[in-house]
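Listed below are the residues making up each chain.
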Amino acid sequence: MSDKTRKTLRSEFEPGTTRWAVRRAQWLAMGIKEEDFHKPKIAVVNSSSGLSVCYQHLDEVSKAVQSAIRDAGGLPFEIRTVAPSDFVTSAGRKARYLMPSRDLLVNDVEVQVEGAELDGMVLLASCDKTTPGQLMAAGRLNIPSLVLTCGYQLGGQCGGKSVDIEDLYNSVGTYKSGQITLDDLTAMSCQAIKGPGVCAGLATANSMHVLAEALGMALTGNAPIRANGPALYDYAAKAGSAIVRLIEQDLRPRQIMTPGAFRNAIRVAQALGCSVNTVRHLTAIAIETQCDIDVVAEYDRLSHDSVQITQVRPNGPHRIEDLDKAGGCAGAMRQLSPKLDLDVMTVTGKTMGANLAEVPAPDETYIRPLDRPFRNEPGLVIIRGNLAPDGAVVKLSAVPAAVRTFEGTARVFEDEDLAIKGLEDGSIQRGQVIVLRNLGPKGGPGTVFACSFMAALVGAGLSSGVAVVTDGELSGLNSGITVGQVMPEAAEGGPLALVRDDDRIAIDLNQLSIELLVPDADLAERAKSWTPPAPPSQFGWLSLYGQLVQPLSKGAVLGRRNW
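What comes next concerns the included structure. (Residues numbered from 1 in each chain as written. Predicted model: local features only at pLDDT ≥ 70, side-chain atom pairs only at ≥ 80, totals over all residues. Heavy atoms only, no water.)

### Some thoughts on the nonpolar core
Across soluble globular proteins, nonpolar side chains show a tendency to be buried alongside one another. Ranked by internal contacts, the top residues of the largest apolar core, which has 131 residues, are M121, L148, L272, L282 and F453. For this core, the element with the highest residue contribution is helix α9 (residues 230-249), accounting for nine residues. In this structure, V403, V486, V499 and I505 belong to the second largest nonpolar core, which totals 31 residues. (Core = buried A, V, L, I, M, F, W, Y, C linked by side-chain atoms within 4.5 Å. Buried < 20%, exposed > 50% of the residue type's maximum accessible area, 1.4 Å probe, protein only. Helix = DSSP H or I, 4+ residues; strand = E, 2+ residues; numbered from the N terminus.)

Pasting the structure below:
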């Protein structure tokens, strides 16, 4: 590192000051050498946890990154944060802790990295909430940062068939409907996960890994990647040297995550059919980055000329490892390059266009060109109507191509478990629209699971005959006629709060509309008697979250902003 860079490091404290003296004493006692004090001080943000297989390998990845930072002339410090796992942290309080954990992680990173005034960050991304939370922290702190996506898990074999976490997830509904036995489900659970990493398929974790690269915040070719494979450790070494270069260049997240970068990410999300949750997460990242872009409006605008160039589960028959081998995010972006902003800067220190110029042509078996897509429609769309005036999200890529309109009678639930019992006892029937409400960030507080019901619906064979409308938490693994992230949510007094059993609801995905077929005068009368639900959490983190969380249309970030 040059003398010029050394003088500009914010971690260089003035000799003789209190903070210089006490930190010097601390670090000498830790065995840090005198000559290391003048190196760039870099956080390796590690959400390792013994609770979830998603994070099982991160300690070794962290060691590899730290070693590479030292070799490149930096001084690494491992920083531990909260480690939410959608399939583990969801057990308590009906998954209310999941969305709030994203913002807890943002603040966790801020306290440790900004409090210590470190010079840069490498963020080890794993399960659903870590990647958006880490990108939000990078945008907020605006110090040189990059994301290292740490990979997906693989499934195994059961009964002579491939089985992964998606198969297991959906088979709960198959069991509940009496089509398989508990022994069958138990056998599947023994084989569904073979090794560390995030859920197989293009669920929220892999979606956000891909979008971290699409935003320019991960190295080219990093996503998706097999967890604990040799390629991951190659990228760990590259990340260690790249972060030192970023600090030398003083290249910061707000120079990378620009409106053009967000449009690129949205293009990729639509072309691949990424998780519905990418809408709220990209919105939150843009807000924390202070980027002047309306993400929901851009999803809407860009959908008009978008097509799907992959069909990775749950959108089709291909697997996440197929996308990886075929060229991954970089291969998809090469196919999409005529529609991308190629002048945006990335963590490689080069533009997106320069990066993609070095990317080999993808395998078109899995990543089609724009003129020969798998489907002539976007994977994600925003729909609107009197039931969702601020919009709602549909993963069109996971809806059967033959189903584009649906009208049915409403069945209203404010508890996912009760809806699942409706599947068990047969009271949920084809032709119904299941409304799961008061499950959003404000209503939970903390979004409540609605995705287990969706998986059970698929397992019961009803996903093409029953629609679901919710403000609750969905999984990127969900498929079927699902309308998620309804805005405003019911607890804000949105129209979803006014729906009653046996009301008619019409969904038209051709017209991108959702309508509650109740006269306006009747809805006005219902609104007069509506009162906000009493929050179930009166203390602790969820209570604080409920007081601070902002609307879904604003990414459900915390605190007041000048919108």
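### Brief notes about the state of the cysteines
Tallied over the full model, the rule gives zero disulfides. With no disulfide partner, C150 has as its closest neighbouring cysteine sulfur the one in C54, 11 Å distant. Unpaired in this structure, C199 has its nearest cysteine sulfur neighbour in C54, at a distance of 5.8 Å. With relative accessibility at 12%, the residue C199 sits in the buried group. (Disulfide = S-S within 2.5 Å.)

### A look at the packing of helix α4 (residues 98-116) against helix α5 (residues 130-141)
Contact geometry of α4 with α5 gives a least axis separation of 8 Å together with a crossing angle of 45 degrees. Judged by the angle between their axes, α4 and α5 are oblique. Where α4 crosses over α5, the two elements pack in a sense that is right-handed. Judged by residue contacts, R102, D103, L105, V106, N107, V109, E110, V113 and E114 of α4 engage T130, P132, G133, Q134, M136, A137, R140 and L141 from α5. (Axes fitted to C-alpha atoms, helices over the stretch in contact; angles between N-to-C directions. Parallel < 35°, antiparallel > 145°, perpendicular 65-115°, else oblique. Left-handed = near helix turned anticlockwise from the far one by under 90°. Contact = heavy atoms within 4.5 Å.)

### Things to note about the side chain of S463
Its location among the elements puts S463 in the loop between α18 (451-459) and β11 (467-470). Excluding its chain neighbours within four sequence positions, the residues that come into contact with S463 are L457, V458, S479, G480 and I481.

### As for helix α12 (residues 277-289)
For α12, which comprises 13 residues, the first-to-last C-alpha distance of 18 Å matches the rise-based estimate of 18 Å (1.5 Å per residue) to within 8%. The buried fraction of α12 is high, at twelve of 13 residues. All of the buried residues in α12 are N277, T278, V279, R280, H281, L282, T283, A284, I285, A286, E288 and T289. Where α12 ends, the next residue or the one after it, Q290, has phi of about 60 degrees, a positive value. (Expected span 1.5 Å × (residues − 1).)

### Quick notes on the pairing of strand β4 (residues 145-149)
Counting buried positions along β4 gives five out of five residues, so the element sits mostly inside the fold. Neither face of β4 is open: one carries S145, V147 and T149, the other L146 and L148, and all of them are buried. In terms of strand pairing, strand β3 (residues 120-125) meets β4 through five bridges, oriented parallel. Paired with L123 across the bridge in β4 is V147. (Pairing = 2+ DSSP bridges.)

### Section: unusual backbone geometry
In this structure, P224 follows A223 across a cis peptide bond, with omega equal to -10 degrees. Residue placement: P224 occurs in the loop between α8 (204-214) and α9. Between G444 and P445 the backbone carries a cis peptide bond, its omega angle lying at -15 degrees. Along the chain, the position of P445 falls in the loop between β10 (432-436) and α18. Phi angles above zero are rare outside glycine, and K94 is one such case at about 55 degrees. Tracing the sequence through the fold places K94 in the loop between β2 (75-80) and α4. Despite not being glycine, L512 shows a phi value in the positive range, around 55 degrees. Inspection of the secondary structure puts L512 in the loop between β13 (504-508) and β14 (513-516).

### Things to note about the environment of R226
The residue R226 is located in the loop between α8 and α9 in this model. Once the C-alpha coordinates of R226 and G197 are considered, the two residues, 29 residues apart in sequence, prove to be 7.7 Å apart. For R226, the residues in contact, after removing those within four places along its chain, are G151, Y152, Q153, L154, K194, P196, L232 and D324. Polar contacts involving the side chain of R226 include one to the main-chain carbonyl oxygen of Y152, which spans 3.2 Å. (Polar contact = N/O pair within 3.5 Å; in protein donor to acceptor, adjacent residues only side chain to side chain.)

### Considering the sheet that holds β3
Taken in spatial order, the four strands make up an open sheet running β2-β1-β3-β4, and their pairing is parallel. What marks the edges here is a single partner per strand, and that holds for β2 and β4. Neighbour to neighbour, the strand axes of the sheet diverge by 20 degrees on average, direction disregarded. Against the sheet, α4 makes contact with β1 (41-46), β2 and β3, and its axis sits at roughly 145 degrees relative to β2, the strand it touches most. Taken strand by strand, α9 contacts β1, β3 and β4, and its axis lies near 175 degrees from that of β4.

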